[in-house]
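# Residue-level structure breakdown
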Amino acid sequence: MRVAIFGLGVVGLSLACVLGIKRYSVIGIDSDRNKVSKIRTGMSPFYEPKLDNMLRLALKKSLEISTDCNVAVKKCDLIFITVGTPQSEKGNINFEQLKRVAEEIGIALSKTHNSPTIIVKSTVTPRVTQDIVKPILEKKSNKKTGTGFGLLFNPTFIREGSAIDDTIKPHVNVIGGYDSKSIRVLEKFCHELYKKTPVIITNYQTAELIKYANNSFLAAKLGLINEIANICQSLPGTNVDDVVKAIGLDPRIGNLFLKAGPGYGGSCLPKDIPALISFSSSIGKNPIILKAIHRSNTFQVKSVISLIENAIKKIDDKKITILGLSFKEQSDEIRESVSIKLINLLLKKGARLTVHDPSAIENVRMLFGNKIRYAISIKDALKQSQCAVIMTPWKEYSHITNKDLCLMKKRMIIDTRRLLDAPNLDAEYHAIGIG
Ligand SMILES: NC(=O)c1ccc[n+]([C@@H]2O[C@H](COP(=O)([O-])OP(=O)(O)OC[C@H]3O[C@@H](n4cnc5c(N)ncnc54)[C@H](O)[C@@H]3O)[C@@H](O)[C@H]2O)c1
């Protein structure tokens, strides 16, 4: 089976590496030449655990990296589309990458007798495969879906920070489409690759909605536990982690995705919830709960600001340290990271900021330049600080000791993830979710 993957972000590159290691003949295509050059040398353009090793191995085996769309479309049986579908200014999806890639694949299809199965894996709102991708492919190729090529939608559920493991072992494979021949091709591929992972077969729009339904439930869990955490904070002696231990044992709730914090970020939930809200409005629905989840998440950063203001009173001219910049640990992803929102808010209030992160520093430097100081170690970050805010639950931060805190000008900790052991800490300690 020859496979092409268009778009080498975390989704596409992880898939390319996993398939390459398993000796599928894979061509990974990206339009960004700098990215392609870096990937060809065996280095991932972003940090993702296990990816660099996998990439080097896959390149030695059967992964080829290219910018040449024509060769991929001519040679391959399966073509996965994993380009970005970012948020537009209005909140809905920006389809430009998707339209462009469909045009390129369509034109390449017009020049070959090959009839591959094309699989949209990017997250798209219901009817996009049918109403946007299909007409472009048909127009540019001058061929019909079902005869000239197959077209399916197959969402991805990976998490940044564990993208490789999730790609190797997804919890489900959803195949959306109408043409039974292509569905059989992808179903067989999924069974070969993922063995016992359940496969759900449905039509395009249901498959597209499944991805959004999935992310809506995850966002709801996070939104609810953050709200409970905010209640705990106003109730002296209450601890949200004890609440979670108990409710997590109720099998109807489960204990995953119940980590209270400064709000969710990253490249998926913050854009997917507004996209579903916008889509629902476009079909005459008023998604009250989704709107509330989105609003409550947008405001959660204010809880961090309140904790800081309650602790140090005036922010203006204070030396504040932010520990953790990526939206989650084991990632250098700063898209929609709450730390970035916090930096902007604190700068507006006149704070003097020092930031630290084990892997996202360079991405943040590109945004803020010399407006903030970039620490080379946790100790360096704490030196002379008047308040340290732990934002991302990197393991390194849970090892901060009283000796490290001695470096601070004022020992004041705001722990949005409850990583530190408050009773043994020689510092004033405030945490999200602890009253
Ligand atoms: N990041 C995640 O954890 C995750 C999880 C589930 C679903 N998704 C969805 O998967 C999709 C991809 O996400 P991502 O984070 O990997 O995206 P990304 O934005 O990080 O990467 C997309 C890549 O596509 C490339 N590209 C754009 N146009 C192209 C073209 N015409 N031809 C070839 N390459 C092109 C870009 O250069 C970029 O490298 C999105 O729809 C996203 O919502 C992402």
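Heads up: the structure comes first, above all this text.
### A word on the overall build of the protein
Of regular secondary structure, the protein possesses 17 helices and 14 strands. Relative to the 2.2 N^0.38 estimate, which gives 22 Å for 435 residues, the radius of gyration of the protein is 23 Å and therefore close to what a compact globule would have. Considered along the principal axes of its C-alpha atoms, the protein spans approximately 70 × 45 × 40 Å. Counting across all 435 residues of the protein, residues that qualify as buried make up 47%. Considering only contacts in the protein between residues 6 or more positions apart, those separated by 24 or more positions represent 72%.

### A short note on helix 12 (residues 288-312)
Note that an α-helix has 3.6 residues per turn; residues three or four places apart therefore point the same way. With 25 residues, helix 12 ought to run about 36 Å at 1.5 Å a step, and its terminal C-alpha atoms sit 37 Å apart, in line with that. Its maximal kink placed at Thr-298, helix 12 deviates by approximately 25°. Taken as a whole, helix 12 has its buried residues at Leu-290, Ile-293, His-294, Asn-297, Gln-300, Val-301, Ser-303, Val-304, Leu-307 and Ile-308. Where the residues of helix 12 are buried, they touch helix 9 (204-233), helix 11 (269-282), helix 13 (338-348), strand 12 (387-390), strand 13 (412-415) and strand 14 (428-431). At the C-terminal side of helix 12, Lys-313 shows a positive phi close to 65°.

### Remarks on the site of the ligand
The environment of the ligand is made up of 27 residues, and the closest members are Gly-7, Gly-9, Gly-84, Ser-122 and Thr-123. Elements with a contribution of two residues or more to the shell around the ligand: helix 1 (10-21) and helix 5 (96-110). Among the elements that line the shell around the ligand, the one with the most residues is helix 5, at 4 residues. For the shell around the ligand, a count of residues per class yields 9 nonpolar, 12 polar and 6 charged.

### Digging into the sheet that holds strand 10 (residues 352-356)
Read from one edge to the other, the open sheet built from 6 strands follows the order 11-10-9-12-13-14, with strand pairing classed as parallel. Each edge of the open sheet carries a strand with a single partner, namely strand 11 (373-374) and strand 14. Here 2 bridges tie strand 10 to strand 11, and the two strands are oriented parallel to one another. Across the sheet, Val-355 pairs through a bridge with Tyr-374, a residue of strand 11.

Cut-offs applied
- Residues numbered from 1 in each chain as written.
- Predicted model: local features only at pLDDT ≥ 70, side-chain atom pairs only at ≥ 80, totals over all residues.
- Helix = DSSP H or I, 4+ residues; strand = E, 2+ residues; numbered from the N terminus.
- Rg over C-alpha atoms; globule rule 2.2 N^0.38 Å.
- Buried ≥ 20, exposed ≤ 12 C-beta atoms within 10 Å, placed from the backbone.
- Contact = placed C-beta atoms within 7 Å.
- Expected span 1.5 Å × (residues − 1).
- Bend = angle between axes of the 7 residues up to and from the residue.
- Near = placed C-beta within 6 Å.
- Nonpolar A, V, L, I, M, F, W, Y, C, P; charged D, E, K, R; others polar.
- Pairing = 2+ DSSP bridges.

Shape is all these values report; function is a separate question.
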